[in-house]
Amino acid sequence: MRYLRHVSVVWPPRFPHVPGIDAAGEVIRSKTDSFKPGEKVLVTGFDLGMNTWGGFGGYISIPADWALPLPANMTEKEAMIFGTAGLAAGLSVQQLLLSGVQPDAGKVLVSGASVGVGSIAVAILDKMGYRVTAITGRPDPDHLMIILGAAELMNRNDFTSTFAAEPLAAAKYAGGIDCVGGEVLSGMLKSTMYGGAVTTCGMVALSELKFHRVVSYRSYIKGSYQGIQDRCIIPAKPGYGRYGNGCGLCCG
Ligand SMILES: NC(=O)c1ccc[n+]([C@@H]2O[C@H](COP(=O)([O-])OP(=O)(O)OC[C@H]3O[C@@H](n4cnc5c(N)ncnc54)[C@H](OP(=O)(O)O)[C@@H]3O)[C@@H](O)[C@H]2O)c1
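Note that the structure is a prediction, hence the values are computed from the model and not measured.

Rules used throughout
Residues numbered from 1 in each chain as written. Predicted model: local features only at pLDDT ≥ 70, side-chain atom pairs only at ≥ 80, totals over all residues. Heavy atoms only, no water. Helix = DSSP H or I, 4+ residues; strand = E, 2+ residues; numbered from the N terminus. Buried < 20%, exposed > 50% of the residue type's maximum accessible area, 1.4 Å probe, protein only. Contact = heavy atoms within 4.5 Å. Near = heavy atom within 4 Å. Polar contact = N/O pair within 3.5 Å; in protein donor to acceptor, adjacent residues only side chain to side chain. Areas by Shrake-Rupley, 256 points an atom, 1.4 Å probe, with all protein chains shown as cover. Nonpolar A, V, L, I, M, F, W, Y, C, P; charged D, E, K, R; others polar. Core = buried A, V, L, I, M, F, W, Y, C linked by side-chain atoms within 4.5 Å.

A. Geometry of the side chain of Thr-136. Locating Thr-136 in the fold gives a position in strand β5 (residues 132-136). Exposure remark for Thr-136: the relative accessible area of 5% places this residue in the buried category. Thr-136 has contacts with Ser-114, Pro-141, Leu-144, Met-154, Asn-155 and Arg-156, leaving out every residue within four places of it along the chain.

This is the structure in structure tokens:
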């Protein structure tokens, strides 16, 4: 529910409706001095595609402070290939870094690794020199190692039976990026070393975290909802977002 706090989603949606949570394109008309016609921009999050018509529209009308200049080294298509999933992945990696989990800290877990947020997180972490253990339920996960750069794979059921079943698991990982929630997130928190950090940005498996089974002398929960809100409403200021200001990558 916090996720929706600032965007006041109207449910059921009003039809007709054009969805699309992100968009890239050229400014046709601008009522502000911030953007000029012809300038390339992108927008992700805020209320785009919810109470306003979204990125699948040929033309969209948005408040100027939702838009960011398209980075010079990125095409509109590339920006949308990364999209909101790429932004969430980047922000998650940034939060790991801000929590002090450097590439030499040890192995880092990524769940939901086969697609979306998880797959981009694996690729970013590999590029930055992290040793990534990718958790997936897919029977054919070869692309995770061959293309995206995961150092090792772990089947999702094997992971939860090894790390989530007991009150406390072996401290094996320096950190993690969770896109799944539920038992997987529980297992990640239990298997994280002292000083480690786990970010979470999704709950496709379960919205419930078995808190009493997770908290131990090794783990504590910090700023748990703040990042989730920020993902939707990220201010365009220095330090936020690779798209806009060259910093990079948050959730958790
Ligand atoms: N896409 C975005 O723009 C974005 C942005 C921010 C946050 N999120 C949130 O991040 C989460 C992941 O989104 P996504 O777009 O990356 O992909 P997704 O299609 O929602 O699912 C991600 C992965 O989670 C695993 N998964 C799916 N259902 C599961 C289940 N019932 N139990 C356990 N694992 C399950 C699967 O991974 P394996 O096949 O590898 O096991 C799946 O590929 C979602 O909760 C989403 O709301 C998404």
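B. Main features of the site of the ligand. Of all residues adjacent to the ligand, which total 21 residues, the nearest are Ser-114, Val-117, Thr-136, Gly-137 and Arg-156. One nitrogen or oxygen atom from the main chain of Ala-85 is found 3.0 Å from an oxygen atom belonging to the ligand. Side-chain polar atom of Ser-114 to an oxygen atom of the ligand: 2.8 Å apart, as the coordinates give it. When isolated, the ligand has an accessible area of 870 Å², and the protein chains bury 69% of it. Within the residue set of the shell around the ligand, elements represented by two or more residues are α1 (76-98) and α2 (116-127). Partitioned by chemical class, the residues of the shell around the ligand number eleven nonpolar, seven polar and three charged.

C. Looking closely at the nonpolar core. Residues Leu-96, Val-101, Val-110, Val-122, Leu-125, Leu-144 and Ile-177 are the most contacted members of the largest nonpolar core, which totals 23 residues. At the level of secondary structure, the elements contributing two or more residues to this core comprise α1, β4 (108-110), α2, β5 and β7 (173-178). With 13 residues, the next largest nonpolar core counts Ile-135, Met-154, Tyr-173 and Val-184 among its residues.

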